[in-house]
Amino acid sequence: MAEPRFHYPWYKKEDTDAFFALFQNNIANFVIITITMLGMGFPQELVFGQVIPGAAIAVLVGNFYYAYTANRLAHKEQRTDVTALSYGISTPVMFVFLFGVLLPAKTMTGDPVLAWKIAVGACFLSGLLEVLVSIIGRWVQRNLPRAAMLGAVAGVALTFIAGEMMFKTLEMPVVGLFVLAVIIIGIVGRVVLPLRMPASLFAIVFGTLLAYLLGASDSARIAEGLSHFGFYPVLPSMAAFDGMTYLFGSMIGILTVVLPITLYNAIETMNNVEAMEAAGDRYDVRECQAVDGVGTMIGALFGGLFPTTVYIATVGAKWMKAGRGYSIVNGVVYLLAAMFGLIAVISALIPVAVVAPILVFVGMSMVSTAFQTNAKKYYPAVALAMLPYFANYVMTRFNNAAGEVVSRISDGIVPLGQGAMFTAMMLGAMTVCVIDGAFKRAMVFALCSAGFSFVGLMHAPKLGFYAAPEFVMGYLVMALLFAYYAFTGVVKRDDHVIGED
């Protein structure tokens, strides 16, 4: 008798719970993108007609592919309990692109359409870089200290996300502080809220109602929101290629943000895929990094400007015993919501001051994660890596007048803010190496810093030959000092010996 044919279901009841869990995460990102971009002054037709549909295309492509890989794994191992990987816009990377790429581009150009093109070009390059990183991703993870990378990201989180959004929170004090209290109680304090609603949903619903009841938000916004129902066709765009001409020209400084955050995104994917393997489903990490990169590039070709990743929520879907159906439905629903204006409607109804406290928490959590995922001895490295973005924040707020405006405070603010992400990672990496007594590695990072300064990736307004000479010399002096300890043996400190690596 022939054995029964193996069947891996397209959809099962457990996929429903997994879909709603993933839907809540993705819809929050889409609403945040919309509200933030409109608050920055980007035109509605650009946000609803290009950015949101482009992001939805990226989500669709990735979810469909991961449903395919789940089916492939299920047939290979003859198991029906295989769960597809969750996929969507990386939340930390989204914020870095909003406040570290898009906002500086708009501030420096004064043109929202041009700034969008530059950000789309940066997104396309990020996807391409992740495809390339998939080849060497594990080597990067081994050689770039986590404290340095997460410390740099925490600097963005503290200044551009938590700090900036705290200002927005207080623009409507009653509403903003109410929502902030809800976030502190429900998410930070993990206290059950009335109606047992998720804290973010409770905050948005009741914060929005309070804003309208107090007259802090004009009721005309309701009619405006409903007017956004319509059809927004998903159309390809050449914006990515237009933007790249500026990225390799006058806006090349933005590349100093794109490279490290792409490495972060690739490592986030790696960690989440490895977590899924521990839960029982083994996927190819390099394939997943490449897929994330390709999905990001496809989204950019349709006007999206946010890199995508495998979500850590995948393990939650595995616990729910989901299969591949939730992934397929997620991709379809987001494309339809983007095309018919549902996301536009929701975003128009919600005041910025209602969403801002949620972003304050996101910034707080990113900073906390930078410390929590590192040993206590590396805390100084994390803290040092955060500092360059304070300077970068001042620069982007005062635009080209930054040098004149802040010169009364210090002449070091502007050069510290130029190429902040590279500076943050290099200083953090050197500190980690010294803490570990690995002075040879610290010397290598110092020499890299000198090289970056030489070509203008750090401490200079643009690329050039011998772009920041004083900083080149400064880092060479640091390298010499590290070399002294590297080649003269061990040193005594606090009654214990620190050796070489």
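Residues numbered from 1 in each chain as written. Predicted model: local features only at pLDDT ≥ 70, side-chain atom pairs only at ≥ 80, totals over all residues. Heavy atoms only, no water.

**Q** Just give me the short version of the pattern of salt bridges, but keep the residues and values in it.
**A** Under the counting rule described, the total for this entry stands at eight salt bridges. A salt bridge links Glu-287 to Arg-72; the nearest nitrogen and oxygen atoms lie 2.8 Å apart. Residue Glu-287 is located in helix H11 (residues 285–301), and its partner Arg-72 is located in helix H2 (residues 44–77); the two are separated by 215 residues in the primary sequence. We note a salt bridge from Asp-436 to Lys-377, for which the minimum N-O separation is 3.2 Å. Linking Asp-436 in the loop between helix H20 (420–435) and helix H21 (439–455) with Lys-377 in the loop between helix H15 (352–372) and helix H16 (379–386), this pair joins segments that are 59 residues apart in sequence. What makes Asp-436 partly exposed here is its relative accessible area of 32%. When salt bridges that share partners are traced, they join Glu-77, Arg-79, Asp-81, Asp-281 and Lys-318 into one network. (Salt bridge = Lys/Arg side-chain N within 4 Å of Asp/Glu carboxyl O. Helix = DSSP H or I, 4+ residues; strand = E, 2+ residues; numbered from the N terminus. Buried < 20%, exposed > 50% of the residue type's maximum accessible area, 1.4 Å probe, protein only.)

**Q** Would you mind going over the packing of aromatic side chains in detail, with residue names and values included?
**A** Throughout the structure, instances matching the rule amount to 15 aromatic pairs. For the ring pair Phe-48 and Tyr-232, a centre distance of 6.3 Å and an interplane angle of 65 degrees mean the geometry is edge-to-face. A residue pair is termed long-range when its members are at least 10 positions apart, and Phe-48 in helix H2 and Tyr-232 in the loop between helix H8 (220–226) and helix H9 (239–247) qualify at 184 residues. Side by side, Phe-48 and Tyr-232 carry an identical accessibility label, which is buried. (Phe/Tyr/Trp six-rings, centres within 6.5 Å; stacked < 30°, edge-to-face > 60°.)

**Q** Break down H2 for me, with residues and values.
**A** Taking 1.5 Å per residue as the helical rise, H2 with its 34 residues ought to reach 50 Å, and the 48 Å between its terminal C-alpha atoms agrees with that figure. Gln-78, located one to two residues past H2, shows a positive phi value of around 55 degrees. (Expected span 1.5 Å × (residues − 1).)

**Q** Which residues make up the state of the cysteines, and what values do they have?
**A** Enumeration according to the criterion identifies zero disulfides in this entry. Lacking any disulfide linkage, Cys-123 is separated from the closest cysteine sulfur, that of Cys-288, by 19 Å. Sulfur of Cys-433: no disulfide; nearest cysteine sulfur belongs to Cys-448 and is 10 Å away. Note on Cys-433: relative accessible area 1%, which makes it buried. (Disulfide = S-S within 2.5 Å.)

**Q** Please set out the environment of Ser-365 residue by residue, giving values where relevant.
**A** As for its position among the elements, Ser-365 is in helix H15. Of the residues examined, Ser-365 reaches a relative accessible area of 24% and is grouped as partly exposed. Sequence separation of Ser-365 and Ala-157 is 208 residues, and the distance between their C-alpha atoms is 8.7 Å.

**Q** Residues and numbers for the packing of H20 against H21, please.
**A** Between two packed helices, what matters for the description is the angle formed by their axes and the separation of those axes. Between H20 and H21, whose axes approach to 8 Å, the crossing angle comes to 165 degrees. Classified by the angle between their axes, H20 and H21 sit roughly antiparallel to one another. Pair H20 / H21 crosses with left-handed handedness. From H20, Phe-422, Met-426, Ala-429, Met-430, Cys-433 and Val-434 reach across to H21, where they touch Phe-439, Arg-441, Ala-442, Phe-445, Ala-446, Cys-448, Ser-449 and Phe-452. A breakdown of the residues in the contact of H20 with H21 according to their chemical character gives 12 nonpolar, one polar and one charged. (Axes fitted to C-alpha atoms, helices over the stretch in contact; angles between N-to-C directions. Parallel < 35°, antiparallel > 145°, perpendicular 65-115°, else oblique. Left-handed = near helix turned anticlockwise from the far one by under 90°. Contact = heavy atoms within 4.5 Å. Nonpolar A, V, L, I, M, F, W, Y, C, P; charged D, E, K, R; others polar.)

**Q** So what about a nonpolar patch on the surface? Which residues, and what values?
**A** There is a patch of nonpolar side chains on the surface, built from Phe-64, Phe-231, Val-332, Leu-336 and Phe-340 and spanning about 460 Å² of accessible area. Owing to a relative accessible area of 38%, Phe-64 belongs among the partly exposed residues under this scheme. (Patch = residues over 30% accessible without salt bridge, like charges linked within 9 Å, V, L, I, M, F, W, Y side chains within 5 Å. Areas by Shrake-Rupley, 256 points an atom, 1.4 Å probe, with all protein chains shown as cover.)

**Q** Before we move on, can you summarise the confidence of the model for the protein chain with the specific residues and values?
**A** Looking at the protein chain, the pLDDT average stands at 83 and 90% of residues meet or exceed 70. Within the protein chain, the lowest mean pLDDT, 47, falls on strand E4 (residues 496–498), and the highest, 95, falls on helix H22 (residues 469–487). In this model, residues 495–501 is a region of pLDDT below 50 whose contacts with residues beyond four sequence positions or in other chains number 22 contacts. (pLDDT = per-residue confidence, 0-100.)

**Q** Let's hear about H9: which residues, and what values?
**A** Of the positions making up H9, those classed as buried are Ala-239, Ala-240, Gly-243, Met-244 and Leu-247. Down the axis of H9, the smallest arc covering the buried residues is 130 degrees, so these residues share one side. (Arc of directions from axis to C-beta.)

**Q** Break down the side chain of Ser-126 for me, citing the residues and quoting the values.
**A** Tracing the sequence through the fold places Ser-126 in helix H4 (residues 112–143). Here Ser-126 falls in the buried class, since its relative accessible area comes to 1%. Beyond its immediate chain neighbours, meaning those up to four positions away, Ser-126 contacts Phe-97, Val-258, Thr-262 and Pro-307.

**Q** Provide a residue-level description of unusual backbone geometry, including the pertinent values.
**A** Although it is not a glycine, His-459 adopts a positive phi angle of roughly 65 degrees. Looking at where His-459 falls in the secondary structure, it is placed in the loop between H21 and H22. Of the residues examined, His-459 reaches a relative accessible area of 7% and is grouped as buried.

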